[in-house]
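# Structure at a glance
This is what each chain is made of:
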Amino acid sequence: MSRMYVQALHVHPVKSVAGTAPDEVAVEPWGPAGDRRWAVVDATGNVITQRQQPRLALAGARPLGGGGITLSAPGMPDITVEVPEPDILEPVLLFGKKVDTVPADPAAHAWFSTYLGEPARLVHMDDPAERRSVDPEYALPGESVSLADGYPFLITTLASLDALNELIAQGAHPGEGPLPMDRFRPNVVVAGATAWAEDDWQRVEIGDAVFRGARECGRCVVTTTDQQTARRGKEPLRTLARHHRIGKSLAFGRLLVPVRTGTIRVGDEVRVP
């Protein structure tokens, strides 16, 4: 096997909104620093993702010092949102489970309501260590996570994307490929691996950080959403269903939990003992 290394890093400050690709990321116990600490919720308190609102893909969030963000979206003025003081906790529902969050400034609620065309609120997770645990089916004691779907980190490989795109080209919807990596919204993208090798990674070392491989990442309808246009297609779910199931999951990528924090950088060697 050739040398494996970090080809790209991605941080998504607001859940389901486009993020940034920094050269380095601080690894915190609950995920990359600043990743998915904000989310948009509807009038009933349920977290809104691209599953319900594909147009979230076209909005962007740039991190500011101190955890604040600048939001942008087509047809909307940019707006800066500071981290709210945790004076009032607002319970929201993420996949049916209650998570305590802190409401942002009302101007941010109005901004997302206008953009999405429905009542919406922006909320912030102030302390992941106190607010939410990793998926209990796969968690170890004390593991926590931000507002990500269930795990702190998602790692993918360029080789698996190439293999998937080859299968799409041979399938029923070849015109939808090749798909870019942003369909999968990973935190870490690895070059130099063999296709699907990540399915078996139990321990991953990058820089001075160490992760345990919790499980495969089962994919949903978000992966069928073009992150540049918000239009939906059939792929990659049709091809994953035929060619890459792991248990009940249409799998692409590996979910990781940090066991030692540190800093990871683009170009860092990726070691799988």
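As shown above, the structure is provided for reference.
A brief report on the enclosed structure follows.

About the thresholds
Along each chain, residue indices are assigned from 1 in the same order as the chain's sequence is written. In view of the model being predicted, local features appear only for residues whose pLDDT reaches at least 70, and side-chain atom pairs are presented and counted only at 80 or more, with totals across whole chains, interfaces and linings using the full set of residues. Excluding hydrogens and water, the side-chain values take into account all heavy atoms of the structure. Salt bridges are counted wherever a side-chain nitrogen of Lys or Arg sits within 4 Å of a carboxyl oxygen of Asp or Glu. Only protein chains enter the accessibility calculation, which uses a 1.4 Å probe; a residue whose area is less than 20% of its type maximum is buried, one above 50% is exposed, and one in between is partly exposed. DSSP bridges decide pairing: two strands pair if at least two such bridges lie between them. Here a strand is any run of E in DSSP of at least two residues, a helix any run of H or I of at least four, and the numbering for each starts at the N terminus. For Phe, Tyr and Trp, rings pair up if their centres lie within 6.5 Å, where Trp contributes its six-membered ring, and each pair is then called stacked (planes under 30 degrees apart), edge-to-face (over 60) or tilted (otherwise). Residues belong to one nonpolar core when they are buried, are Ala, Val, Leu, Ile, Met, Phe, Trp, Tyr or Cys, and are joined through side-chain atoms within 4.5 Å. Whether two residues are in contact is decided by their heavy atoms, any of which lying within 4.5 Å being enough. As a rule, the C-alpha atoms of each element are fitted with a line to give its axis, helices using only the stretch in contact, and angles between N-to-C directions run from 0 to 180 degrees.

### Here we look at the pattern of salt bridges
Summed over all chains, the structure comprises ten salt bridges. For D126, the salt bridge goes to R131, with nearest N and O atoms at 2.9 Å. A salt bridge links R215 to E216, with the shortest nitrogen-to-oxygen separation between them at 2.9 Å. With respect to class, R215 is no different from E216; both count as buried. Here the residues in one salt-bridge network are K15, R51 and D149, joined through shared partners.

### Let's talk about the sheet that holds strand β2 (residues 24–28)
Read across the open sheet, the three strands follow the order β3-β2-β18; overall the sheet is antiparallel. Both outer strands of the open sheet, β3 (31–32) and β18 (262–265), are each paired with one neighbouring strand and no more.

### Considerations on the packing of aromatic side chains
This model, assessed by the stated rule, comprises six aromatic pairs. Where F153 meets F211, the ring centres are 5.0 Å apart and the plane angle is 65°; that geometry is what we call edge-to-face. Residue F153 is found in strand β12 (residues 153–157), and its partner F211 is found in strand β15 (residues 209–218); the two are separated by 58 residues along the sequence. Grouping residues by exposure puts F153 and F211 together as buried. Ring geometry for W196 against F252: centres 6.0 Å apart, planes inclined by 90°, an arrangement best described as edge-to-face. Within this pair, whereas W196 is found in the loop between β13 (188–191) and β14 (203–206), its partner F252 is found in strand β17 (residues 249–260), the two being separated by 56 residues in sequence. Assessed through its relative accessible area of 0%, F252 is described here as buried. Within the aromatic cluster, the residues linked to one another by ring pairs are W111, F112 and Y115.

### Looking at the nonpolar core
Counting residues in each nonpolar core, the largest one holds 22 residues, and the members touching the most others are V14, V40, L71, V81, F112, L116 and L122. The set of elements that each furnish at least two residues to this core consists of β4 (38–42), β7 (69–73), β8 (76–81), α1 (106–116) and β11 (120–124). Among the elements that make up this core, the one with the highest residue count is α1 (five residues). In this structure F112 touches V17, V40, L56, L71, G117, E118, A120 and L122, once residues within four positions along its chain are discounted.

### Regarding the sheet that holds β8
Reading across from one edge, β6-β7-β8 is the order of the three strands in this open sheet, with antiparallel pairing throughout. For this open sheet the edge positions go to β6 (60–63) and β8, each flanked by a neighbour on one side alone. Strand-to-strand, the axes of this sheet are offset by a mean angle of 20°, without reference to chain direction. As defined by bridge partners, β7 adjoins β8 across four bridges and the pair is classed as antiparallel. In the sheet register, I69 faces β8, and the bridge partner there is V81.

### Observations regarding unusual backbone geometry
Going from G177 to P178, the amide bond is cis rather than trans, its omega being -10°. Of note, P178 is situated in the loop between α3 (158–169) and β13. Residue E235 is joined to P236 through a cis peptide bond whose omega torsion reads 15°. In this structure, P236 sits in the loop between β15 and α4 (237–243). The backbone of R36 sits at a positive phi, close to 50°, despite the residue not being glycine. Mapped onto the elements, R36 comes out in the loop between β3 and β4. With relative accessibility at 9%, the residue R36 sits in the buried group. Phi is positive for F95, close to 55°, though the residue is something other than glycine. Tracing the sequence through the fold places F95 in the loop between β9 (90–94) and β10 (97–103).

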